Amino acid sequence: MNKPLQTHADGLVGSTAIVTGASRGFGRAIAKALSSAGAHVVGVARGPSPLDELRDELGDTFTAVAADAADPSTASRLLDEYRPRTLVLCAGAAPQMGPLQDQTWESFSQNWNMDVAQAFHWTRYALRRPLAPESVVIALSSGAAVKGSPLSGGYAGAKATVKFITSYAAMESQRAGLGIDFVSVLPQLTPATDLGAKAAAAYAERQGVDVDTFVTSSGPALSAEQVGKSVLEIAGGARGEHLAYLLTASGLGGLA
Ligand SMILES: NC(=O)c1ccc[n+]([C@@H]2O[C@H](COP(=O)([O-])OP(=O)(O)OC[C@H]3O[C@@H](n4cnc5c(N)ncnc54)[C@H](OP(=O)(O)O)[C@@H]3O)[C@@H](O)[C@H]2O)c1
């Protein structure tokens, strides 16, 4: 069992958070967790309707922004406008599932054009602006960045690059004395979201088992609510000495 990190979520009351990918899955749970801790959350996704539903649920503490998070102008515009204390880069493309020989360069590279581009543009702008001292940038990488993901094309490599970008930014923040923390979170695969359900189904089929059997073979499934709670822990100041955390149903585990 991983030791829970100590949280000081009080610091979030009245602060502003931007969460990309807030319309469903992990991002939605993260937006709700940050909102429940008193932050004003700006939620970004391309499709406006699910964001409007979340706005109806959370009320005035939530601002919906329909935009492409991989577009550099979205990053610069929203960071200038909202100057967030907490930035969570959670949006990600659902990879096309299939073995290498069935991928095209277009399908193989989609997580580079979305997830890596997003991490690059937002992180670069957070350093150049820079964000205020004591702000934190949390990027969603994946357990696949460590284990690989042979049925997801370029997904695992892209998520490893997201983790590298985050650690490079942490180094630059420290060198320049900016006081901005950069942390990556690597969740284990879970069928609890649209993206994860598609991947779990592909791996279960490859192994010739049903999805439940595949999922429970690696322990209890991670829930979206647990991801929200764990990201809240990090946003609340419980960052310890680690720049990256694996996230399973047992909680956050620091990586070297
Ligand atoms: N689920 C898992 O098992 C798992 C495991 C490890 C890591 N992760 C990572 O966790 C993150 C969240 O995944 P999830 O499972 O919650 O996925 P999800 O349920 O498919 O949700 C993805 C979210 O990202 C948004 N999005 C996608 N492309 C976007 C773009 N170009 N601009 C703005 N928003 C965009 C989607 O909204 P629109 O489509 O409307 O834009 C949606 O809100 C991803 O980075 C994923 O790689 C997931």
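Look up a bit, the structure's there.
Residues numbered from 1 in each chain as written. Predicted model: local features only at pLDDT ≥ 70, side-chain atom pairs only at ≥ 80, totals over all residues. Heavy atoms only, no water.

## Describing the site of the ligand
Heads up, the condition is: Residues are classed as near a molecule or strand on a simple rule: at least one heavy atom within 4 Å of it. Under this definition, polar contacts are N or O atom pairs within 3.5 Å; protein pairs additionally need one hydrogen-donor-capable and one acceptor-capable atom, and for neighbouring residues in sequence, both atoms have to be side-chain atoms. Only DSSP runs of H or I reaching four residues or more are called helices, and only runs of E reaching two or more are called strands; each is numbered from the N terminus. Basically, the charged four are Asp, Glu, Lys and Arg, the nonpolar ten are Ala, Val, Leu, Ile, Met, Phe, Trp, Tyr, Cys and Pro, and anything else, Gly included, counts as polar.
The full set close to the ligand counts 28 residues, and Ser23, Phe26, Arg46, Tyr155 and Thr193 are the nearest of them. Note that an oxygen atom of the ligand is positioned 3.0 Å from one of the backbone N or O atoms of Cys90. Listed by contribution, the elements that provide at least two residues to the shell around the ligand are α1 (25-36), α5 (110-128), α7 (155-176) and α8 (194-207). The biggest single contributor to the shell around the ligand is α8, with three residues. Residues that form the shell around the ligand fall into these classes: eleven nonpolar, eleven polar and six charged.

## Concerning the nonpolar core
Most often, soluble globular proteins have nonpolar side chains that are buried together. The following threshold applies: Here, nonpolar core means buried Ala, Val, Leu, Ile, Met, Phe, Trp, Tyr and Cys residues that are tied together by side-chain atoms lying within 4.5 Å of each other. Per-residue accessibility, obtained with a 1.4 Å probe over protein chains only, is compared with the maximum for each type, and a residue is labelled buried under 20%, exposed over 50%, and partly exposed between these values. Contacts between residues were defined by any pair of non-hydrogen atoms, one from each residue, lying within 4.5 Å.
Counting 35 residues, the largest nonpolar core has Phe26, Ile30, Leu34, Val88 and Ile138 as its most contacted members. Mapped by element, the contributors of at least two residues to this core are β1 (16-20), α1, β2 (40-45), α2 (48-58), β5 (136-140), β6 (181-187), α10 (224-235) and β7 (244-248). Those residues in contact with Val88, other than ones at most four positions away along the chain, are Ile18, Val19, Thr20, Ile30, Leu34, Ile138, Leu140 and Val231.

## What to know about the layout of surface pockets
Rule in force here: Within this scheme a cavity is a closed region of a 1 Å grid, computed over the protein atoms alone, that accommodates a 1.4 Å probe without allowing it to escape, whereas a pocket is open but has protein on both sides within 12 Å along at least five of seven lines; lining residues each have an atom within 4 Å of a point. Grid points are joined across faces, edges and corners, and a volume is the space filled by probe spheres set on the points.
One number sums up the size of the second largest pocket: a volume of about 230 Å³. Lining the second largest pocket are 17 residues, and of these Ala170, Ile180, Asp181, Phe182 and Leu243 sit closest to its centre. If you list the elements that add at least two residues to the lining of the second largest pocket, you get α7 and β6. Looking at the lining of the second largest pocket, the element that brings in the most residues is α7, giving five residues. Among the residues making up the lining of the second largest pocket, the classes are represented as seven nonpolar, seven polar and three charged.

## Remarks on the environment of Gly92
The residue Gly92 is located in the loop between β4 (86-89) and α4 (105-108) in this model. Owing to a relative accessible area of 38%, Gly92 belongs among the partly exposed residues under this scheme. Between the C-alpha atoms of Gly92 and Leu140, which are 48 residues apart in sequence, the distance is 8.5 Å. Setting aside residues no more than four positions away along its own chain, Gly92 makes contact with Met114, Asp115 and Leu195.

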